[in-house]
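Okay, here's what each chain looks like letter by letter:
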Amino acid sequence: MPSERAGRQDRPDVVVTGLGVISPAGIGAARLWEAMAAGKTFFDTGGHDGPAPALPWPSASVDTTEITWPAGRDWANAGKYANQSARWAVAVARQALEQAGITGDTEDVRGGTVMAVGSSSDELSDVIPQLASRFRGDRRPLAKFLHDEVPDYSYIRGIPSQLGQFVSMASGFRGSNVAAYGEAAAGGTGALALAVRLLESGELDRMLVVGVAPPLTTTAMAAFDQDEPLGTRATAGAGPFDADRSGTLLGQGAAAVLLERADTARGTARARLAGCEVLAAADVTASAGLVVDTVLADAGTTPTAWWAHGAGSVRLDRVETRAVLPRAGGLPVTGSKGTIGNAFECSALIDTALAVESFARGGLPPVGLLRRPDPGLGGLDPVMGETRPLGPAPTALVTAFNQGRHSTAAGALVIASTHGDPADDGKART
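Sequence order as written defines residue numbering, which begins from 1 separately in each chain. Side-chain atom pairs in this predicted model are given and counted only at pLDDT of 80 or more, local residue features only at pLDDT of at least 70, and totals for whole chains, interfaces and linings cover all residues. Hydrogen atoms and water are omitted, and side-chain values are computed over all heavy atoms in the structure.

Per an unreviewed UniProt entry, the protein chain goes by Ketosynthase family 3 (KS3) domain-containing protein and derives from Streptomyces triticiradicis.

Structural data, given as structure tokens:
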């Protein structure tokens, strides 16, 4: 609990030294930031011919052809057992490690991996009816038919600890991985909070936090829609905080955030993680207020910008603004979900990467599909139309929630720019 943690002055600084992003905008946080700045959105408003099944809700899907698997005999063997989530997790992990100059060639017992991903069902169950129908007219023996037709990813279930093994292999942090998911997930803030605790305690020097939103399936999304209706359109006016929004917009993605203790960091500090927490109270309104109070007090600094969860949910948008505005004031606010949808388990990790990208570019990109801000949300100051400049030494509040009326968890973090910090010499540490 927050009350058990030592004061900020007694804890080492935790810095971000590497980032990886896969989104419908492509590979890397830069491409997504630039897409937001240009006002692009990536929603599929009808059926499509991609590998994922068409959904009755608009969704933003990742182009899987851009995602590569590492070369080499060991990786070729591992690839036989890697499902789509594992492939995305490895890809974003390698992006983050490359930024920090960590090759993963040697084992590092002072590092670890935290996975933020839900357990996905075996995708084979979604194609069984199609396979049965197709086999009726096929002359191949059943064993040969299944070998040829069943996709590789169906051989392994998407269990977080197993995905962590693939990421550990990429990073060199072999044998040291843990998963944070379920009610504690909150878009990946639960995984970040766990990583921060392990670093501040001195147990580890470096933590790689990786989150993956599993492939969207009709069955899983129908369960979400039954709990709380999802958005049925992705046009201007359907975006986060809009008066005409009707529900959460769906998306896919993956992200990695490499955290290091500042005093032992190998990579260059791109930002400082000043506070991070996930809390669950009796209801989500109470949780949201408590978690924002906690991270603002923990950070000891006033944020100058806000990266909101902003999924387009009529209910959660209201909860979010009522938690933040009385405590942090009318901050300029933006969010990614009007551009790429809600990537669930990794949505806050994507927003963390985008906040760091915003620091580097000196501006906040606009909220996608926002036409008319809901006047019932109070003194909201959304970024609209064009990028808004950030002032010197910016600090961002990032907020996150799980999907659904029955979830009471809320997450938040404060991340600060290190640009111009005398301690940051602009060179990778060795």
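This next bit is on helix α1 (residues 29–37). In an α-helix, one turn spans 3.6 residues; hence positions three or four apart end up facing the same way. Relative accessibility decides the category of a residue: with a 1.4 Å probe and only protein chains considered, values under 20% of the type maximum give buried, values over 50% give exposed, and everything between is partly exposed. Per the convention used, a helix needs a DSSP run of H or I reaching at least four residues, while a strand needs a run of E reaching at least two, with both numbered from the N terminus. Of the positions making up α1, those classed as buried are A29, L32, W33, A35 and M36. The buried residues of α1 occupy one face: seen down the axis, they fall within an arc of 160°. Every residue pair with non-hydrogen atoms within 4.5 Å of one another is taken to be in contact. Elements that come into contact with the buried residues of α1 comprise β1 (14–23), β10 (305–307), β11 (332–334), α11 (337–340), α12 (347–361) and β12 (363–364). G39 lies just past α1 and shows a positive phi near 80°. Taking the helix axis as origin, the arc is that swept by the directions to the C-beta atoms.

Turning our attention to unusual backbone geometry. Even without glycine at this site, A186 takes up a positive phi of about 45°. On the basis of relative accessibility, which here comes to 0%, the residue A186 falls in the buried class. The phi torsion at L369 lies on the positive side, around 60°, for a residue other than glycine. Within the element layout of this structure, L369 appears in the loop between β12 and β13 (381–382). Here L369 falls in the buried class, since its relative accessible area comes to 15%.

Stacked, tilted and edge-to-face are the three classes assigned to paired rings of Phe, Tyr and Trp, where Trp is represented by its six-membered ring and a pair needs centres within 6.5 Å; plane angles under 30 degrees give stacked, over 60 edge-to-face, the rest tilted. Counted according to the given criterion, the structure contains four aromatic pairs. On the basis of an interplanar angle of 5° and a centroid distance of 4.9 Å, the ring pair of F224 and F344 is categorised as stacked. With F224 in helix α8 (residues 218–227) and F344 in the loop between α11 and α12, this residue pair connects regions lying 120 residues apart in the sequence. On the basis of relative accessible area, F224 is assigned to the partly exposed category, the value being 26%. With relative accessibility at 11%, the residue F344 sits in the buried group. Plain terms: the ring middles of F241 and W306 are 6.3 Å apart, the flat faces sit at 50° to each other, and that makes the pair tilted. Here F241 is found in the loop between α8 and β7 (250–251), whereas its partner W306 is found in strand β10, with 65 residues between them in sequence.

What follows is about the side chain of S171. Structurally, the position occupied by S171 is in helix α6 (residues 160–171). Under the relative-accessibility criterion, S171 is labelled buried at 1%. N or O atoms within 3.5 Å of each other form a polar contact, as long as, within protein, one can give a hydrogen and the other can take it, and as long as residues adjacent in sequence are counted only when both atoms are side-chain atoms. In terms of polar contacts, S171 uses its side chain to reach the backbone amide nitrogen of F173, at 3.1 Å.

Moving on, we get to the nonpolar core. We define a nonpolar core as any set of buried Ala, Val, Leu, Ile, Met, Phe, Trp, Tyr and Cys residues linked to one another through side-chain atoms lying within 4.5 Å. Formed by 49 residues in total, the largest nonpolar core has its most connected members in L192, V209, L259, L273, W307, I350 and I415. The next biggest cluster of nonpolar side chains, apart from the first, holds 31 residues, and it includes W88, V92, V117 and L258.

Attention now moves to the packing of helix α9 (residues 284–299) against helix α10 (residues 314–328). For helices, the axis comes from a line fit to the C-alpha atoms of the stretch in contact; other axes are also lines fit to C-alpha atoms, and the angle between any two N-to-C directions lies between 0 and 180 degrees. Viewed as axis vectors pointing N to C, α9 and α10 meet at an angle of 35°, and their least axial separation amounts to 9 Å. Seen from above, α9 lies across α10 with right-handed handedness. On α10, the residues touching V284, T285, A288, G289, V292, D293 and L296 of α9 are R315, L316, V319, A323, V324 and R327. Three classes are used: nonpolar for Ala, Val, Leu, Ile, Met, Phe, Trp, Tyr, Cys and Pro, charged for Asp, Glu, Lys and Arg, and polar for all others, with Gly counted as polar. Across the contact of α9 with α10, the residue classes break down as eight nonpolar, two polar and three charged. When the near helix sits turned anticlockwise from the far one by under a right angle, the crossing is termed left-handed; a clockwise turn instead gives a right-handed crossing.

This part takes up the pairing of strand β4 (residues 111–116). Every regular strand shows the same layout, with side chains that alternate between the two sheet faces. With respect to burial, β4 is a largely interior element, six of its six residues being buried. The alternating pattern of β4 places G111, T113 and M115 on one face and G112, V114 and A116 on the opposite face, and all of these are buried. Pairing of β4 with strand β6 (residues 206–213), which is carried by six bridges, proceeds in the parallel orientation. By the bridge assignment for β6, V114 is matched with V209. When DSSP locates at least two bridges between a pair of strands, those strands are taken to pair.

The buried fraction of β1 amounts to ten of the ten residues, a majority that puts the element mostly inside the structure. Note: β1 against strand β8 (residues 253–261), eight bridges, orientation antiparallel. Looking at β8, one finds that V21 is bridged to A255. Of the strand pairs in this sheet, β1 and strand β9 (residues 271–280) are connected by two bridges, and their pairing is antiparallel. Along β9, the bridge assignment pairs V15 with R272. Here β1 pairs with strand β2 (residues 26–27) via two bridges, running antiparallel. Across the sheet, S23 pairs through a bridge with G26, a residue of β2. Connecting β1 to the next strand, β2, in antiparallel fashion are two residues.

In the contact formed by α1 and α12, the axes pass within 9 Å of each other and the chain directions differ by 75°. As far as their axial angle goes, α12 and α1 are roughly perpendicular. In contact with A29, A30, L32, W33, E34 and M36 of α1, α12 contributes I350, A353, L354, E357, S358 and R361. Of the residues in the contact of α1 with α12, the class split is eight nonpolar, one polar and three charged. An angle below 35 degrees is read as roughly parallel, one above 145 as roughly antiparallel, one from 65 to 115 as roughly perpendicular, and any other as oblique.

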